[in-house]
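Listed below are the residues making up each chain.
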Amino acid sequence: MAYDFIEVPADGEPVTLEDEDTGALSVPDEPVIPYIRGDGTGVDVTPAAREVLSAAAEATGRKIHWMRVYAGADAEERYGELLPDETIETLETYRVGIKGPLTTPVGAGYRSINVALRKTLDLYANVRPTFHLDGIPSPMKHPEKMDLVCFREATEDVYAGIEWEAGSDEVEDVRRFLEQEMGEAGSIHDGPVGIGIKPITEFGTKRLVRRAIDYALEHDRTFVTLVHKGNIMKFTEGAFRDWGYEVAEEEYGDEVITEDTLWEERDGEPPEGAVVVNDRIADAMLQWLMLRPDDYDILALPNLNGDYLSDAAGAQIGGLGIAPGANTGDGRILAEPVHGSSPKHAGKDKVNPTAMILSGQLLFDYLGWEDAGELIIEAIESVIGDGIVTYDLERQMEGATKVATSEFGNTVADRIHELA
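The model shown is predicted, which means the values in this text are computed figures rather than measured ones.

**Q** Can you tell me about the sheet that holds strand 14 (residues 326-329), naming the residues and giving the values?
**A** If you trace the 11 strands from one edge of the open sheet to the other, you get 4-3-5-15-14-6-7-13-10-12-11, paired in mixed fashion. Only two strands of the sheet have a single neighbouring strand rather than two, namely strand 4 (65-69) and strand 11 (256-258). Each neighbouring strand pair of the sheet contributes to a mean axis angle of 25°, computed without reference to strand direction. Where strand 11 lies against strand 12 (residues 275-281), 3 bridges are found, and the strand directions are parallel. Along strand 12, the bridge assignment pairs Ile257 with Val276.

Encoded structure:
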């Protein structure tokens, strides 16, 4: 492809698809990895994360060749649009990437640039691990008990939702259809009304649950919990639950059992190496996250539930400033932090880059670079253990030393080389 603004690295090789059926990748020791700097505090956290990720790669005998691509404000400056085709084509070609937070300006033509990237690249599983880093202040007495991964469906539910505005001709047409054709007279109050629909499909549900179960098997996790509001929304979220169980019961043999089987046949004791699939109502799950966080390993959730639950989980281990994320599809990944762009802090070199750094650690895990990822976590905990932190943590820690975003990144990178 021809590049107008994207500078292609002179060295390095692209990550390629090794097995189309499994989505397995062929990863060179010197891959080209595209990155989107991001808006707002992306100008601060992305360079710090690149410094750390490069150090971890080099410490384990590899090298990253970074390739900048554009989305958001800097894309509009260069291309006159927020999400240029060139960026999409590059991410499709190179298969892996990492991005800083993006802001969608009001009236920009997208609900969200982040959502547009996920849907265009078919990154259907938004993966959000939540675990406590030693030394991070938390509102919980035992934040170390939280160690779970949320698999949030990222292409349907509210992301594929259709809405009609109150007072519009379209919403009145929909209301008449519901009341007169579908027999729902009396279901909607009189007066102005906004109406929306949220599609949840068998296809979208099953591939997400399949990804969650595969992850559990690969990472020695025991429980995969389907989180839904199927007691009320029986044909959308209730279907999500039922289709999830179908995957467990029909596709995995003895590797996967359901919670009913666990108690009926094994008195609650899971077989070694097997995954147990169960389900919980979404509102109840919010309390179980606080009361019994160590009972849960993997959560598989429709989009909106996944947004709520993963943010609540992140609060328990210290906040979204340290919460990583990654959008994955079949042989594709675009890692990104959970937090927003926080424009008021942009360019001040003060915010915490840990979420961005740990999103890179998820990218490494996806590439099969677990050794480099473990080194990153060890270095971050070591630096925080020394009381070297950004302002958000320093104000909560007695005797800590406040450092800038860039300084924190450099310190973690140096610590990686010391630990390697």
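**Q** Tell me what's going on with helix 3 (residues 85-94), and back it up with residues and numbers.
**A** Residues that lie three or four places apart on an α-helix share one face, since the helix turns once every 3.6 residues. Within helix 3, burial applies to Glu86, Thr87, Ile88, Thr90, Leu91 and Tyr94. Against the buried residues of helix 3 lie strand 3 (32-36), strand 4, helix 2 (73-79), strand 5 (96-99), helix 4 (113-120) and strand 15 (332-335). Where helix 3 terminates, the next one or two residues include Arg95, which has phi positive at roughly 70°.

**Q** Describe the layout of surface pockets, listing the residues and the values that go with them.
**A** Empty space among the atoms can be located by rolling a probe the size of a water molecule over them. In this structure, the largest pocket encloses a volume near 750 Å³. Along the wall of the largest pocket there are 32 residues; nearest its centre are Thr22, Arg211, Glu218, Gly329 and Tyr366. Breaking the lining of the largest pocket down by element, the ones donating at least two residues are strand 2 (24-26), strand 6 (125-131), helix 6 (202-218), strand 14 and helix 11 (354-367). Looking at which element gives the most residues to the lining of the largest pocket, the answer is helix 6, with 7 residues. The residue inventory of the lining of the largest pocket, partitioned by class, reads 15 nonpolar, 7 polar and 10 charged.

**Q** Talk me through the environment of Asp254; I want residue IDs and the actual numbers.
**A** With respect to the secondary-structure elements, Asp254 resides in the loop between helix 7 (237-251) and strand 11. Asp254 gets classed as exposed once you look at its relative accessible area, which sits at 75%. Considering only alpha carbons, one finds Asp254 and Lys141, 113 residues apart in sequence, at a separation of 38 Å.

**Q** Please provide a residue-by-residue account of the pairing of strand 1 (residues 16-19), values included.
**A** Across 3 bridges, strand 1 lies against strand 2 in antiparallel orientation. Note that in strand 2 the partner of Asp19 across the bridge is Ala24. Counted along the chain from strand 1 to the antiparallel partner strand 2, the turn is 4 residues long, and its residue Gly23 has a positive phi close to 75°.

**Q** Tell me about helix 7, and please be specific about residues and values.
**A** Between the first and last C-alpha of helix 7 there are 21 Å, a value that for 15 residues agrees with the 21 Å anticipated at 1.5 Å per step. For helix 7, the set of buried residues is Glu237, Gly238, Ala239, Phe240, Trp243, Gly244, Tyr245, Val247 and Ala248. Those residues of helix 7 hidden inside the fold are in contact with helix 6, strand 10 (223-228), strand 11, strand 12, strand 13 (298-301) and helix 10 (303-316). Phi turns positive, to about 60°, at Gly253, one or two residues after helix 7.

**Q** Now, about the packing of helix 9 (residues 282-291) against helix 10: what can you tell me, with residues and values included?
**A** At a minimum axis separation of 10 Å, helix 9 and helix 10 run at an interaxial angle of 15°. In terms of axis orientation, helix 9 runs roughly parallel to helix 10. In terms of crossing hand, the pair formed by helix 9 and helix 10 is right-handed. Judged by residue contacts, Ala282, Met285, Leu286, Leu289 and Met290 of helix 9 engage Asn305, Leu309, Ala312, Ala313 and Gln316 from helix 10. Grouping the constituent residues of the contact of helix 9 with helix 10 by class yields 8 nonpolar, 2 polar and no charged.

**Q** Account for a negative patch on the surface, with residues named and values stated.
**A** A cluster of acidic residues, Glu249, Glu250, Asp260, Glu264 and Glu265, forms a negative patch at the surface. Of all the secondary-structure elements, those providing two or more residues to the negative patch are helix 7 and helix 8 (259-266). Counting residues per element, the negative patch draws most heavily on helix 8, at 3 residues. Relative to the helices and strands, Glu265 resides in helix 8.

**Q** I'd love a proper account of the side chain of Thr390, names of residues and values included.
**A** Along the chain, Thr390 falls in the loop between strand 16 (388-389) and helix 13 (391-394). A polar side-chain atom of Thr390 sits 2.6 Å from a polar atom in the side chain of Asp392. Thr390 has contacts with Lys350, Val351, Asn352, Pro353, Lys402, Val403, Ala404, Thr405 and Phe408, leaving out every residue within four places of it along the chain.

**Q** A description of the packing of helix 6 against helix 7 should follow, citing residues and the corresponding values.
**A** Packing of helix 6 against helix 7 brings their axes to within 9 Å, and their N-to-C directions diverge by 55°. In terms of their interaxial angle, helix 6 and helix 7 are classed as oblique. Seen from above, helix 6 lies across helix 7 with right-handed handedness. Residues Glu202, Thr205, Lys206, Leu208, Val209, Arg210 and Ile213 of helix 6 lie in contact with helix 7, whose contacting residues are Phe240, Trp243, Gly244, Glu246, Val247, Ala248 and Glu251. Residues of the contact of helix 6 with helix 7, tallied by class, amount to 7 nonpolar, 2 polar and 5 charged.

**Q** Account for the pairing of strand 4, with residues named and values stated.
**A** Within strand 4, 4 of the 5 residues are buried, which leaves it mostly tucked inside the rest of the structure. Strand direction decides the pairing type here: strand 3 and strand 4, joined by 5 bridges, are parallel. Residue pairing across strands places Tyr35 opposite Arg68, the latter belonging to strand 4. Taken together, strand 3, helix 1 (residues 42-59) and strand 4 constitute a β-α-β crossover, and its handedness is right-handed.

**Q** Talk me through the environment of Glu170; I want residue IDs and the actual numbers.
**A** Turning to its location among the elements, Glu170 is positioned in helix 5 (residues 169-181). Assessed through its relative accessible area of 45%, Glu170 is described here as partly exposed. For the pair Glu170 and Trp243, spaced 73 residues apart in the sequence, the C-alpha separation amounts to 32 Å.

**Q** Mind laying out the nonpolar core, listing which residues take part and the relevant values?
**A** In terms of nonpolar packing, the biggest core is built from 61 residues, with Phe364, Ile376 and Ile416 touching the most fellow members. Excluding residues within four positions of it along the chain, Ile416 makes contact with Val52, Ala55, Ala56, Ala59, Leu375, Ile376 and Ala379.

About the cut-offs
Residues numbered from 1 in each chain as written. Predicted model: local features only at pLDDT ≥ 70, side-chain atom pairs only at ≥ 80, totals over all residues. Heavy atoms only, no water. Pairing = 2+ DSSP bridges. Helix = DSSP H or I, 4+ residues; strand = E, 2+ residues; numbered from the N terminus. Axes fitted to C-alpha atoms, helices over the stretch in contact; angles between N-to-C directions. Buried < 20%, exposed > 50% of the residue type's maximum accessible area, 1.4 Å probe, protein only. Contact = heavy atoms within 4.5 Å. 1 Å grid on protein atoms, 1.4 Å probe; cavity = no way out; pocket = protein on both sides within 12 Å on 5 of 7 lines; lining within 4 Å. Points joined across faces, edges and corners; volume = space filled by probe spheres on them. Nonpolar A, V, L, I, M, F, W, Y, C, P; charged D, E, K, R; others polar. Expected span 1.5 Å × (residues − 1). Parallel < 35°, antiparallel > 145°, perpendicular 65-115°, else oblique. Left-handed = near helix turned anticlockwise from the far one by under 90°. Patch = residues over 30% accessible without salt bridge, like charges linked within 9 Å, V, L, I, M, F, W, Y side chains within 5 Å. Areas by Shrake-Rupley, 256 points an atom, 1.4 Å probe, with all protein chains shown as cover. Salt bridge = Lys/Arg side-chain N within 4 Å of Asp/Glu carboxyl O. Lys, Arg positive; Asp, Glu negative; His and termini not counted. Charge placed at Lys NZ, Arg CZ, Asp CG, Glu CD. Polar contact = N/O pair within 3.5 Å; in protein donor to acceptor, adjacent residues only side chain to side chain. Right-handed = clockwise from strand over helix to strand, strands pointing away. Core = buried A, V, L, I, M, F, W, Y, C linked by side-chain atoms within 4.5 Å.

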